[in-house]
Amino acid sequence: MVKFEKNFIFGLATSSYQIEGAATEDGRSPSIWDTFCKTPGKVYEGHTGDVACDHYHRYKEDVKILKEIGVNTYRFSISWSRIFPEYGKYNPKGMEFYKKLIDELIRNDIEPTVTLFHWDLPMWAYNMGGWLNRDSVKWFQEYAVKVFEELNDSVKFWTTHNEPFCASILGYNLGVHAPGHKNIREALIAAHHILLSHGAAVEAFREFGFKDSKIGIILNLSPFYPVSDSKEDIEASYRCDGLSNRWFLDPVFKASYPEDLKKIFIKMAGEFDFIKDGDLQKISIKNDFLGVNYYSRNLVKFFQDSKLNCQSVKGNLKKTAMGWEIYPEGLYDIIVRLRKEYTQLPIYITENGAAFDDVLFEGKQIKDAERIDYIKSHLMKIADLNRQGADIKGYYLWSLMDNFEWTYGYSKRFGIVYVDFKTQERILKDSALWYKDVIKNRTIK
Ligand code: FCB
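Residues numbered from 1 in each chain as written. Predicted model: local features only at pLDDT ≥ 70, side-chain atom pairs only at ≥ 80, totals over all residues. Heavy atoms only, no water.

1. Some words on the overall build of the protein chain
At step 1: On a plain count of helices and strands, the protein chain comes out with 15 helices and 17 strands.
At step 2: For 445 residues, the compact-globule estimate of 2.2 N^0.38 gives 22 Å, and the protein chain sits close to it at 21 Å.
At step 3: Expressed along its principal axes, the backbone C-alpha trace of the protein chain runs to roughly 55 × 50 × 45 Å.
At step 4: Counting every position in the protein chain, which comprises 445 residues, the buried fraction comes to 61%.
At step 5: Sequence-distant contacts, at least 24 apart, represent 76% of the contacts inside the protein chain between residues at least 6 apart.
At step 6: When the accessible area of the protein chain is evaluated, it comes to approximately 17600 Å², of which 51% is carbon and sulfur surface. (Helix = DSSP H or I, 4+ residues; strand = E, 2+ residues; numbered from the N terminus. Rg over C-alpha atoms; globule rule 2.2 N^0.38 Å. Buried < 20%, exposed > 50% of the residue type's maximum accessible area, 1.4 Å probe, protein only. Contact = heavy atoms within 4.5 Å. Areas by Shrake-Rupley, 256 points an atom, 1.4 Å probe, with all protein chains shown as cover.)

2. Regarding the sheet that holds strand β6 (residues 214-220)
At step 1: Read around the barrel, eight strands follow the order β2-β3-β4-β5-β6-β8-β11-β14 and close on themselves; strand pairing throughout is parallel. Averaged over all pairs of adjacent strands, the angle between their axes in this sheet comes to 25°, without regard to strand direction.
At step 2: Pairing geometry for strand β2 (residues 9-13) and strand β14 (residues 392-398), over five bridges, is parallel. When the bridges of β14 are listed, G11 appears paired with Y396.
At step 3: Running at roughly 155° to β6, helix α10 (residues 231-254) makes contact with β6 and β8 (289-293) of the sheet. (Pairing = 2+ DSSP bridges. Axes fitted to C-alpha atoms, helices over the stretch in contact; angles between N-to-C directions.)

3. Focus: unusual backbone geometry
At step 1: Residue P179 is bonded to the preceding A178 through a cis peptide linkage, with omega at 5°.
At step 2: Within the secondary structure layout, P179 lies in the loop between α8 (164-173) and α9 (184-208).
At step 3: The phi torsion at A22 lies on the positive side, around 45°, for a residue other than glycine.
At step 4: Looking at the element boundaries, A22 is found in the loop between α1 (16-19) and α2 (32-37).

4. Examining the environment of E163
At step 1: Relative to the helices and strands, E163 is located in the loop between β5 (157-162) and α8.
At step 2: Once residues lying within four places of it in the same chain are set aside, the contact partners of E163 are W119, I218, N220, N293 and E351.

5. Structural notes on the packing of aromatic side chains
At step 1: Evaluated as defined, the whole model comprises 52 aromatic pairs.
At step 2: Aromatic pair W80 and W131: ring centres 6.3 Å apart, planes at 55°, arrangement tilted. Here the residue W80 occupies a position in helix α4 (residues 80-83), and W131 occupies one in the loop between α6 (123-127) and α7 (136-151), the gap between them amounting to 51 residues. Here W80 matches W131 in class, with each residue buried.
At step 3: Here F157 and F289 contribute two aromatic rings whose centre-to-centre distance is 4.9 Å and whose plane-to-plane angle is 15°, an arrangement assigned as stacked. With F157 in strand β5 and F289 in strand β8, this pair connects stretches of sequence that are 132 residues apart. With respect to class, F157 is no different from F289; both count as buried.
At step 4: Members of the aromatic cluster, connected to one another through ring pairs, are Y17, W33, F36, W119, F404, W406, Y410 and F421.
At step 5: Note that K262 overlies the ring of F272, its terminal NZ or CZ placed 5.7 Å from the centroid.
At step 6: The ring of Y327 carries R297 above its face, with NZ or CZ at 4.8 Å from the centroid. (Phe/Tyr/Trp six-rings, centres within 6.5 Å; stacked < 30°, edge-to-face > 60°. Lys NZ or Arg CZ within 6 Å of the ring centre and 35° of its normal.)

6. Considerations on the state of the cysteines
At step 1: All chains considered together, the criterion is met by one disulfide.
At step 2: With no disulfide of its own, C53 lies 13 Å from the sulfur of C37, the closest cysteine sulfur.
At step 3: C53 gets classed as buried once you look at its relative accessible area, which sits at 0%.
At step 4: Here C166 stays free of any disulfide, with the sulfur of C240 as its closest cysteine sulfur at 15 Å. (Disulfide = S-S within 2.5 Å.)

7. Notes on the site of the ligand
At step 1: Near the ligand the following residues occur: Q18, H118, W119, N162, E163, Y295, E351, W398, E405, W406 and F414.
At step 2: At 3.0 Å from an oxygen atom of the ligand is found a side-chain nitrogen or oxygen belonging to E351.
At step 3: Residue W406 places a side-chain N or O atom 2.9 Å away from an oxygen atom belonging to the ligand.
At step 4: Protein chains bury 94% of the 290 Å² of accessible surface belonging to the ligand in isolation. (Near = heavy atom within 4 Å. Polar contact = N/O pair within 3.5 Å; in protein donor to acceptor, adjacent residues only side chain to side chain.)

8. Considerations on the nonpolar core
At step 1: Counting residues in hydrophobic clusters, the biggest one holds 153 residues, and the most contacted among them are W33, I69, W80, W158, L338, L379 and Y435.
At step 2: The biggest single contributor to this core is α9, with 13 residues.
At step 3: Sequence-distant contacts of Y435, defined by excluding residues within four places in its chain, comprise F10, G11, L12, I69, V71, L379, Y395, L397 and I416. (Core = buried A, V, L, I, M, F, W, Y, C linked by side-chain atoms within 4.5 Å.)

9. Let's talk about α10
At step 1: Taking 1.5 Å as the rise per residue, α10 with 24 residues should run 34 Å; its terminal C-alpha atoms sit only 27 Å apart, a clear shortfall.
At step 2: At N245, α10 is deflected by roughly 55°, the largest bend along its length.
At step 3: Burial of α10 is extensive: 18 of the 24 residues sit out of reach of the surface.
At step 4: A255, located one to two residues past α10, shows a positive phi value of around 55°. (Expected span 1.5 Å × (residues − 1). Bend = angle between axes of the 7 residues up to and from the residue.)

This is the structure:
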């Protein structure tokens, strides 16, 4: 039996574009994800977030479900283009939705955790150069300040960016996420401006003079392991780790980019003239906590014909429906490394969860034992880590409900609540009932 301390918080997480729908309502303007979804061939079967879980209209019902499960906190993100449908034009109607949602959460004793950016960059910002334009730092700061002003009374827990790696590398280098560019120089510039905008938002947050509120950034961290003990594989693995993990951890915690990778990137992406004096100081501004999203590990080998001479290898562990290996030890390794090499700040696991091919049993039950096993094994690792003094303060399970899983559309179900996308009916899966029990007893049996 594993016990969680009284002040350990249990939560659930979602993001705006993945659940809200109401894409054109109350003045919202499109984001890069609206455009990406409508570009043929980009998203599974042309799915879009136009309706998604219709959470914009059903938020009360969804808060009821959160209450029923008994979470202490709920993490959601704000759609920038609802609040600012045009540059500099504030839309109170868009903000009203978040105010109502937050009121409803607080009425039900659920602490809101707000993420300012979960990838849905407004199209107006994209049309002005997006994250490639250094002014994006200023636009993001202005947006953040407005949100702080409007919500500071009720929100105590803030995160700036969700997974800058995905917004920059997947979006600007690999082209698999919006805006779908394939250019390594652009990706590095986007990453830099995103990180800088994090620093600018935290700076504004400090100036704002919040009292008991906290702010941090969320990084997706995943360990890389070489398939063999050969020097070539070990070095390849370190390079891959460099792009996914160190490229974001080092600037945030050490005010520098990893030199080994910089040398490689300068050859393929040109000079780093987009880094200006003082930028790294700003990026490494002190946070109150670090958010870690963890799903799986990476197994890699040396491979001559790839940019970093490093290639993924399929491992033989059990996999989720995403094809991701189930490896809770990877979470353990990441946290131990963070504590050793990077930070003593409180850590929250801001996302962890699994997609499986759920089957609706007799129209009313989802027996998702595999998902329960997944969550359980990761929570056990967290308990283990905390016993060793890791100071992990909370866990947000991804996700409250099945939703729009980016390029996979609605084909991958991560929720602990099943959503019938035709009728919008919600059904608590067995994992939701299991999680409810864990939260209630603060114990895993
Ligand atoms: C993370 C994203 C989240 C969701 C999960 C499965 O990378 O932050 O929106 O898609 O993966």
